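# Architecture and fold: a report
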Amino acid sequence: MALDKEQIARTVKTRDWTLRYYEAGSGRPLVLLHGSGPGATGWSNFSGNIEALAEHFHVYAVDMPGWGESDPATVDRLDHVDAAIQFLDALGIERAAFVGNSMGGQTSLRLATEHPGRISHLVTMGPPVGRMPSLFGAGDGPSEGLKVLIEAYRDASPENMRRLVEIMCYDTARFATPELCDARSQAALARPEHLANYVAGLPQGAPLPRWVDPALLPGITVPTLLIHGRDDRVVSFESSLFLLANIPDSRLVLLNRCGHWAMIEHAEEFNRLVIDFVRGNPGDE
């Protein structure tokens, strides 16, 4: 039986934030961190993964500050690593495996370098590494996908959401449905303060005013799984090649016919990869 969104929804008050999250399962803690798109939430990014992962782990899919049903956040307060640590502290979780898509992957990378004692496993899907020269990306600023994403923040209409979903996925016929585009538009428009804060913060680096220090990547010691779509038009797979070259205990799965949402387009394979990786690499218990 599929999980019911409202039945697994929870709210927690941390030191600085009121956060919405979705909780299921038991055992080793596994925290899922969503990406930065308008209308993105723990549920919208991971609804196809929570149930399968919860058969093996205690899963927490969090709406980070500035997204979903969590508190709004202006750019000067956007530090998702600190918010993630507050989340762990509020729930009494000492260490957790972190699974992060895009912005959530960057958050997880930073957390692994700045708070190594709080993370047991690191899994990323399509994370940006930082503002560095790119071999395969466009030379005129943001990628094609990020330009569409930013426009969808400025105008979160169903039409712009259709353009966003189409550029996020390889299989647009299957995933860029009118239902999904309308749902993403409604979710984004329901929280106009999130949209306004994102756009206002762009000149100051929103949604990632702080990036992982690439010089610290070789110091990541936890088992690391990098998953990336070869057809990702938002963040080129070369970012995961860079991470593979710099994180000692890492491995990369590069998926053909896959865009930026590996956990959505290839949900069954993604779930299997994460389950086998975390269970098969006990790490530092």
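Above this text sits the structure in question.
Small disclaimer: the values here were computed from a predicted structure and weren't measured.

Here we come to the packing of helix α6 (residues 144-154) against helix α7 (residues 158-168). Look at α6 against α7: their axes get within 9 Å of each other, and the N-to-C directions meet at 155°. In terms of orientation, α6 lies roughly antiparallel with respect to α7. As α6 runs across α7, the sense of the crossing is left-handed. Here α6 contributes Glu 144, Gly 145, Val 148, Leu 149, Glu 151 and Ala 152 to the contact with α7, which in turn contributes Asn 160, Arg 163, Leu 164, Ile 167 and Met 168. The residue makeup of the contact of α6 with α7, split by class, is six nonpolar, two polar and three charged.

It is worth spelling out the nonpolar core at this point. Among the nonpolar cores identified, the biggest contains 89 residues, and Leu 30, Leu 32, Ile 50 and Phe 98 are the most heavily contacted of them. Ranked by residues supplied to this core, first place goes to helix α4 (residues 80-91) with six residues.

Another point: the packing of aromatic side chains. Evaluation of the coordinates by the stated rule reveals six aromatic pairs. Measuring from centroid to centroid gives 5.8 Å for Tyr 22 and Trp 43, while their planes differ by 50°, and the two rings are tilted. In this pair, Tyr 22 is assigned in strand β2 (residues 18-24) and Trp 43 in helix α2 (residues 42-46), connecting sequence segments 21 residues apart. By relative accessible area, Tyr 22 is classed as buried at 2%. Here Trp 43 falls in the buried class, since its relative accessible area comes to 18%. Ring centres of Tyr 153 and Tyr 198 lie 3.6 Å apart, and the angle between their planes is 0°; on these two criteria the pair is classed as stacked. With Tyr 153 in helix α6 and Tyr 198 in helix α10 (residues 192-201), this pair connects stretches of sequence that are 45 residues apart.

Our focus in this paragraph is the side chain of Asp 232. Mapped onto the elements, Asp 232 comes out in the loop between β7 (224-229) and α11 (238-246). A distance of 2.9 Å separates a polar side-chain atom of Asp 232 from the backbone nitrogen of Val 235. Within the structure, Asp 232 has its side chain in polar contact with the side chain of His 260 (distance 2.7 Å). Setting aside residues no more than four positions away along its own chain, Asp 232 makes contact with Gly 126, Cys 258, Gly 259 and His 260.

On to helix α9 (residues 178-189), then. Taking 1.5 Å of rise per residue, the twelve residues of α9 would be expected to cover 16 Å, and the 16 Å separating its terminal C-alpha atoms lies within 8% of that figure. In this structure, the buried residues of α9 make contact with α2, α7 and α10.

This part covers the sheet that holds strand β5 (residues 96-101). Here eight strands make up an open sheet; going across it, the order is β1-β2-β4-β3-β5-β6-β7-β8 and the pairing mixed. Since the sheet does not close on itself, it has two edges, and those belong to β1 (9-13) and β8 (250-255), each with one partner. Between one strand and the next, the sheet's axes are offset by a mean angle of 20°, whatever the strand orientation. Against the sheet, α11 makes contact with β6 (119-125), β7 and β8, and its axis sits at roughly 160° relative to β8, the strand it touches most.

Rules of the game
Residues numbered from 1 in each chain as written. Predicted model: local features only at pLDDT ≥ 70, side-chain atom pairs only at ≥ 80, totals over all residues. Heavy atoms only, no water. Axes fitted to C-alpha atoms, helices over the stretch in contact; angles between N-to-C directions. Helix = DSSP H or I, 4+ residues; strand = E, 2+ residues; numbered from the N terminus. Parallel < 35°, antiparallel > 145°, perpendicular 65-115°, else oblique. Left-handed = near helix turned anticlockwise from the far one by under 90°. Contact = heavy atoms within 4.5 Å. Nonpolar A, V, L, I, M, F, W, Y, C, P; charged D, E, K, R; others polar. Core = buried A, V, L, I, M, F, W, Y, C linked by side-chain atoms within 4.5 Å. Buried < 20%, exposed > 50% of the residue type's maximum accessible area, 1.4 Å probe, protein only. Phe/Tyr/Trp six-rings, centres within 6.5 Å; stacked < 30°, edge-to-face > 60°. Polar contact = N/O pair within 3.5 Å; in protein donor to acceptor, adjacent residues only side chain to side chain. Expected span 1.5 Å × (residues − 1). Pairing = 2+ DSSP bridges.

Limitation: the analysis is restricted to geometry and does not speak to function.
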